[in-house]
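Chain by chain, the residues run as shown.
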Amino acid sequence: MPNRAVETKVLQRDGTSKVTRPPTKPEPNDWFWMGAAFAGSFALALLAVTIHGVNFKSLILALRLTGRWSFLPFWLAYAGGAMATLFGRTFVPLANRRRQFGLAYAAALSGHLGLIAIFYLRASHLPLSGKLLFFFLTAACWTYVLTLFSFGGLAAKLGAANWRALRFVGMNYILYAFWSDFGPATFHPGTSDTLVHTLAYTPFALMALAAPLLAVGAFVVRRWRTSRTGHAPSADTLATDRSEARAS
Ligand code: HEM
């Protein structure tokens, strides 16, 4: 019997949707997304070295850049499905690639963690300590737990409800980790309230705020649709219905 825990509906070009199951190991397409995201982190680290030279200043800049870089695919993995549900067919490609965005985020974050390893090798201590270190290490662990489970086999063993719960807790914990970087710096900027500081934090903080709001909005719309039709449509189906309704 198929385990619906790991099945997702993917919209076809002709507007119909088909059920797919995530692979049990990375496919060429997955490697492409992960490779591109990791290469992006690497390029940003090189950019930081080009700007500041080989020193701790460039390491911190590289951490700041790769932190933001990894947030972008994370955000799309978190909110892509909600965008398709709420705003229609244009966003369906985002919904269909949620898994790849998640993998890309994990790869980009690996670049971030690689820089932390370099920091440790050069300074003989980690750049964070105490509760903050524990908090961010936990977020990093969630990243790799979710990555492992995004391959069919493990999620199937876990079961539908448990996999959903795991994803919910993990994704929101990671979102909160991003928020704790961007939010306070945006809303309590302190002395460094310059234009550069605002540009470096505010858009990311707003994105971090918008993500759960979109998710809640999509949840409400899906509930409403379910109560009308008696069955739960996928994000993709909702998007198709909406665009068809608009076209007719
Ligand atoms: C999922 C886990 C993680 C996420 C989501 C994350 C996210 C971020 C983000 C968004 C930034 C940019 C912050 C800014 O510009 O103010 C950043 C910077 C940084 N991260 Fe991470 N990070 C994670 C894990 C870690 C870990 C485990 C460590 C240390 C052991 C760490 C150490 C740093 C440091 C030192 C910076 C530079 C902070 C500064 O601006 O001085 N991060 N991280």
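Scroll up to find the structure this text is about.
Now for a look at the structure at hand. (Residues numbered from 1 in each chain as written. Predicted model: local features only at pLDDT ≥ 70, side-chain atom pairs only at ≥ 80, totals over all residues.)

**Some thoughts on the overall build of the protein chain**
What counts, and what does not: Under the scheme used here, helices are H or I runs from DSSP no shorter than 4 residues and strands are E runs no shorter than 2 residues, and both carry numbers assigned from the N terminus. Exposed residues have 12 or fewer other C-beta atoms within 10 Å of their own C-beta, buried residues have 20 or more, and residues in between are partly exposed; the C-beta atoms are placed from the backbone. It is the C-beta atoms, placed from the backbone, that decide contacts: two residues are in contact if theirs lie within 7 Å.
If you tally the helices and strands in the protein chain, you get 9 helices and 2 strands. A total of 248 residues make up the protein chain; the buried ones form 35% of that total. A fraction of 69% describes how many contacts in the protein chain between residues 6 or more apart in sequence connect residues 24 or more apart.

**A look at the nonpolar core**
Keep this limit in mind: The term nonpolar core means buried Ala, Val, Leu, Ile, Met, Phe, Trp, Tyr and Cys residues held together as one set by C-beta atoms within 7 Å.
Residues A79 and A104 are the most contacted members of the largest nonpolar core, which totals 48 residues. Contributions of two or more residues to this core are made by α1 (28-52), α2 (56-87), α3 (92-96), α4 (98-123), α7 (160-187) and α8 (195-229). Ranked by the residues each element gives to this core, the list is headed by α2, at 16 residues. Leaving out residues up to four positions away in the same chain, A79 has contacts with A211, L214 and A215.

**A few points about the environment of L76**
Considering the arrangement of structural elements, one finds L76 in helix α2. C-beta crowding within 10 Å serves as the criterion here: with 22 such atoms nearby, L76 is assigned to the buried category.

**Quick word on unusual backbone geometry**
Located in the positive-phi region is S124, a residue other than glycine, with phi close to 60°. Structurally, the position occupied by S124 is in the loop between α4 and α5 (130-149). With 7 C-beta atoms counted inside 10 Å, the residue S124 sits in the exposed group.

**Some thoughts on the site of the ligand**
Selection rule: Note on definitions: a residue is near a molecule or strand provided its C-beta atom, placed from the backbone, lies within 6 Å of it. Charged residues are taken to be Asp, Glu, Lys and Arg, nonpolar residues to be Ala, Val, Leu, Ile, Met, Phe, Trp, Tyr, Cys and Pro, and polar residues to be all remaining types, Gly included.
Around the ligand lies a shell of 23 residues, among which L63, R64, G67, P127 and A139 are the nearest. Only α2, α4, α5 and α7 provide two or more residues apiece to the shell around the ligand. For the shell around the ligand, the class distribution of residues is 17 nonpolar, 3 polar and 3 charged.

**Focus: the packing of α4 against α5**
What counts here: Here an angle of 0 to 180 degrees is reported between the N-to-C directions of two axes, which are lines fitted to C-alpha atoms, with helices fitted over the stretch in contact. What makes a crossing left-handed is the near helix being turned counterclockwise from the far one by less than a right angle; a clockwise turn instead makes it right-handed.
Here α4 crosses α5 at 140°, and the two axes come no closer than 10 Å. Our pair here, α4 against α5, has a crossing hand that is left-handed. Contacts from G102, L103, A106, L109 and L113 in α4 reach A140, T143, Y144, L146 and T147 in α5. For the contact of α4 with α5, the class distribution of residues is 7 nonpolar, 3 polar and no charged.

**Re α5**
Here is the rule: What a helix is expected to span follows from its residue count: subtract one and scale by 1.5 Å.
Look at α5: 29 Å from first C-alpha to last across 20 residues, which is about the 28 Å you get at 1.5 Å a residue. Taken together, the buried positions of α5 are occupied by T143, L146, T147 and F149.

**Examining the environment of A185**
Within the secondary structure layout, A185 lies in helix α7. Accessibility expressed as a C-beta count within 10 Å gives 19 for A185, which makes it partly exposed. For the pair A185 and A205, spaced 20 residues apart in sequence, the C-alpha to C-alpha distance is 8.7 Å.

**So, α4**
Look at α4: 37 Å from first C-alpha to last across 26 residues, which is about the 38 Å you get at 1.5 Å a residue. Immediately downstream of α4, the backbone of S124 shows phi near 60°, a positive value.

**Comments concerning the packing of α1 against α2**
As a reminder of what qualifies: To sort the angles, those under 35 degrees are grouped as roughly parallel, those over 145 as roughly antiparallel, those from 65 to 115 as roughly perpendicular, and the leftovers as oblique.
Where α1 contacts α2, the two axes come as close as 8 Å, and the packing angle between them is 150°. In terms of orientation, α1 lies roughly antiparallel with respect to α2. For the element pair α1 and α2, the recorded crossing hand is right-handed. Facing α1, whose interface residues are A37, G40, S41, L44, A45, L47, A48, V49, I51 and H52, α2 presents K57, S58, L61, A62, L65, T66, W69 and P73. Looking at the contact of α1 with α2 residue by residue, the class counts come to 12 nonpolar, 5 polar and 1 charged.

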